[in-house]
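Residues per chain, in single letters:
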Amino acid sequence: AHKFWNTQPVPQNESDVQEDGVIEHKEVSDIKQEPYKLPSDFEWYLVDINNEKDRTDVYTLLSQNYVEDSDAVFRFDYSPEFLQWALQPPGWKQDWHLGVRVASNKKIVAFISGIPANLSVHESKLHLVEINFLCVHKKLRSKRLAPVLIKEITRRVNLTGIFQAVYTAGVNLPTPISICRYFHRPLNPKKLCEVGFSQLPHNTTMASHIKKYKLDVSFLNLQPMQEGDVSQVTALLNEFLSQFEFHQVFSEEEVRHMMLPIKDVVFSYVAKDENDNVTDFTAFYSLPSSIARNPKHTHIHAAYLFYYAPKGLGKDQTRSRHLMNDTLILAKQANFDVVNCLGLSHNQQFLDELKFGKGDGYLHYYLYNYRCKTIQPEQMGLVML
Ligand code: NHW
Ligand code: EN5
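Since the model is a prediction, treat every value here as computed from it, not as a measurement.

1. Section: the domain arrangement of the protein chain
- Partitioning the protein chain into structural domains gives domain 1 (5-175) and domain 2 (179-379).
- The C-alpha centroid of domain 2 is placed 25 Å from the C-alpha centroid of domain 1.
- Each partner contributes to the interface: domain 1 provides 53 residues, whereas domain 2 provides 41 residues.
- Looking only at domain 1, the three residues that lose the most surface to domain 2 are Phe-74, Trp-85 and His-122, adding up to 17% of its buried area.
- Taken together, the links from domain 1 to domain 2 amount to 1 salt bridge.
- Two residues, Asp-16 and Arg-371, come together in a salt bridge whose shortest N-O distance is 3.1 Å.
- If you look at where domain 1 meets domain 2, you find 27 residue pairs in polar contact (both at pLDDT 80 or more).
- When contributions to the side of domain 1 that touches domain 2 are tallied by element, the ones reaching two or more residues are β1 (21-22), β3 (74-76), α2 (80-86), β5 (108-121), β6 (124-136) and β7 (165-169).

2. Focus on the site of ligand 2
- Around ligand 2 there are 24 residues in total, and Asp-69, His-184, Phe-197, Asp-360 and Leu-385 lie nearest to it.
- Asp-69 is positioned such that a nitrogen or oxygen atom in its side chain is 2.7 Å from a nitrogen atom of ligand 2.
- Leu-385 is positioned such that a nitrogen or oxygen atom in its backbone is 2.7 Å from a nitrogen atom of ligand 2.
- Surface burial for ligand 2 is 84%, taken as the share of its 870 Å² of free accessible area covered by protein chains.
- For the shell around ligand 2, the secondary-structure elements that each account for two or more residues are β3, β7, β8 (178-186) and β17 (357-368).
- For the shell around ligand 2, the leading source of residues is β17, giving 6 residues.
- Its residues assigned to classes, the shell around ligand 2 shows 10 nonpolar, 9 polar and 5 charged.
- Counting residues domain by domain, the shell around ligand 2 receives three or more from each of domain 1 (5-175) and domain 2 (179-379).

3. Considering the pattern of salt bridges
- Scanning the entire structure with this criterion turns up 19 salt bridges.
- Taking the shortest distance from any N to any O, the salt bridge between Lys-53 and Asp-57 comes out at 2.8 Å. With Lys-53 and Asp-57 both in helix α1 (residues 52-65), this residue pair falls 4 residues apart, about one helical turn.
- Lys-53 gets classed as exposed once you look at its relative accessible area, which sits at 54%.
- Residue Asp-57 is classed as partly exposed on the basis of its relative accessible area of 22%.
- For Glu-68, the salt bridge is made with Lys-138, and the minimal N-O distance between the two is 2.6 Å. In this pair, Glu-68 is assigned in the loop between α1 and β3 and Lys-138 in the loop between β6 and α3 (145-158), connecting sequence segments 70 residues apart.
- You can call Glu-68 partly exposed: its relative accessible area is 26%.
- A residue is classified by how much of its surface remains accessible, and Lys-138, at 39% relative accessible area, is partly exposed.
- Three or more residues joined by partner-sharing salt bridges are found here, namely Asp-95, Glu-152, Arg-155 and Arg-156.

4. Regarding the nonpolar core
- Grouped together as the largest cluster of nonpolar side chains are 97 residues, with contacts concentrated most on Phe-246, Met-259, Phe-281, Phe-306 and Tyr-307.
- Looking at this core element by element, the count peaks at 8 residues for strand β15 (residues 302-309).
- Inspection of this core shows a minimum of three residues originating in each of domain 1 (5-175) and domain 2 (179-379).
- Excluding residues within four positions of it along the chain, Phe-281 makes contact with Met-225, Val-233, Leu-236, Leu-237, Met-259, Ser-268, Tyr-269, Val-270, Tyr-307, Tyr-308, Ala-309 and Leu-323.

The rules behind the values
- Residues numbered from 1 in each chain as written.
- Chains lettered and ligands numbered in written order.
- Predicted model: local features only at pLDDT ≥ 70, side-chain atom pairs only at ≥ 80, totals over all residues.
- Heavy atoms only, no water.
- Domains from an automatic or database assignment.
- Contact = heavy atoms within 4.5 Å.
- Buried area = accessible area lost by both parts, 1.4 Å probe.
- Salt bridge = Lys/Arg side-chain N within 4 Å of Asp/Glu carboxyl O.
- Polar contact = N/O pair within 3.5 Å; in protein donor to acceptor, adjacent residues only side chain to side chain.
- Helix = DSSP H or I, 4+ residues; strand = E, 2+ residues; numbered from the N terminus.
- Near = heavy atom within 4 Å.
- Areas by Shrake-Rupley, 256 points an atom, 1.4 Å probe, with all protein chains shown as cover.
- Nonpolar A, V, L, I, M, F, W, Y, C, P; charged D, E, K, R; others polar.
- Buried < 20%, exposed > 50% of the residue type's maximum accessible area, 1.4 Å probe, protein only.
- Core = buried A, V, L, I, M, F, W, Y, C linked by side-chain atoms within 4.5 Å.

Quick look at the structure:
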């Protein structure tokens, strides 16, 4: 059934994951030096994400052709500034910002990207790439271009001595290591109903629906994270994440890049004690979705819960709830319509109490060239963009 995935070093079914470990052992000297061939009319193009024209071109491709919900009403609209941030963590390589252009008019019609990361999977440490933003223009779908993009980025990554990858997708492929549900917490319930993102429950008035989602008082004095907090946040976050079977391990440099606030891109906050030590951390990123054919609204402004670390590492459920309650208040103050998150990590501690509702989407987590026993959502600590 999977003409491409059947040929790749991924587990082909559940019975293939009794034991963790590398699937296929290769060396850099085994990797071919020449790029894979694209259909004539197309050419490989290395995107310069710091160049405004290239950034706009990739943004345009994604904003018109990237991931949609099951009814094709909402489509992710990652901003150009978001892409510039997401694609350049420490150790990023332009070689892994891979575009495909039409040879004649130089229009970018497909894209895939990789960034380096360190993961901890059960007891093992993996230095691998995170693959994201795979996109083929709608007019070029079902022509087997995606497998060429995947093989070419694999080759470019392999040439640097990296042989594993992690990626997430809404779709079911061979073979997920974990499946996490999306949850949504309305901040602007009226608008969400107007655009069909949520429905007014039967026997409910709009007034009572709006009242239901009003936010209470805040508990922690969260302040925007600053440069001086980087080292304490790194320690706190890594310690929190180390509770999970599957998580990223962050260097201070990575925390500086990924976690410091960037206007309209990433929002991060810390709570401090009387000695000015960081006790809690929370972050979300801005990922609007465009709305197809709506007379009144063009976008949903969604804040996606990113990383957080409560005081006491989440052993005190009340603390986790207080931290997330305050995260919701900050997202509301920043004018977001909804806070989205996944049912992973310790999130069950606050989802019900803070009135998150189940989404209709699921996120599947995958590893390339590494077998891994199934990870329960509560043991998943990795959040991708
Ligand atoms: S998931 C978001 C992916 N993007 C979208 O959904 C955007 C909208 N859709 C499209 O642009 C986050 C196209 O439909 C895409 C497929 C491009 C998805 N992952 O070209 P064909 C990521 O970016 C398989 C992997 O004819 P198409 C993660 C499909 O099963 N494979 O289809 C990306 C079939 O293979 P099969 C996917 O519709 C991770 C083949 O593609 C897939 O024109 C990438 C059909 O190709 C998906 N999301 O284009 C893997 N969707 O065997 C990284 C479909 O079943 C692996 N397919 O016949 C690691 C690489 C690095 C390793 C380093 C050591
Ligand atoms: C790679 N980084 O389906 C990511 N989103 O639930 C790529 N549903 O927004 C993979 N269909 O349930 C991404 N509202 C995979 C996700 C693709 C996008 C997607 C889902 C996630 C989504 C919304 C809208 C559904 C519209 C109809 C949804 C219900 C909200 C409601 C609020 C009030 C309380 C109950 C729930």
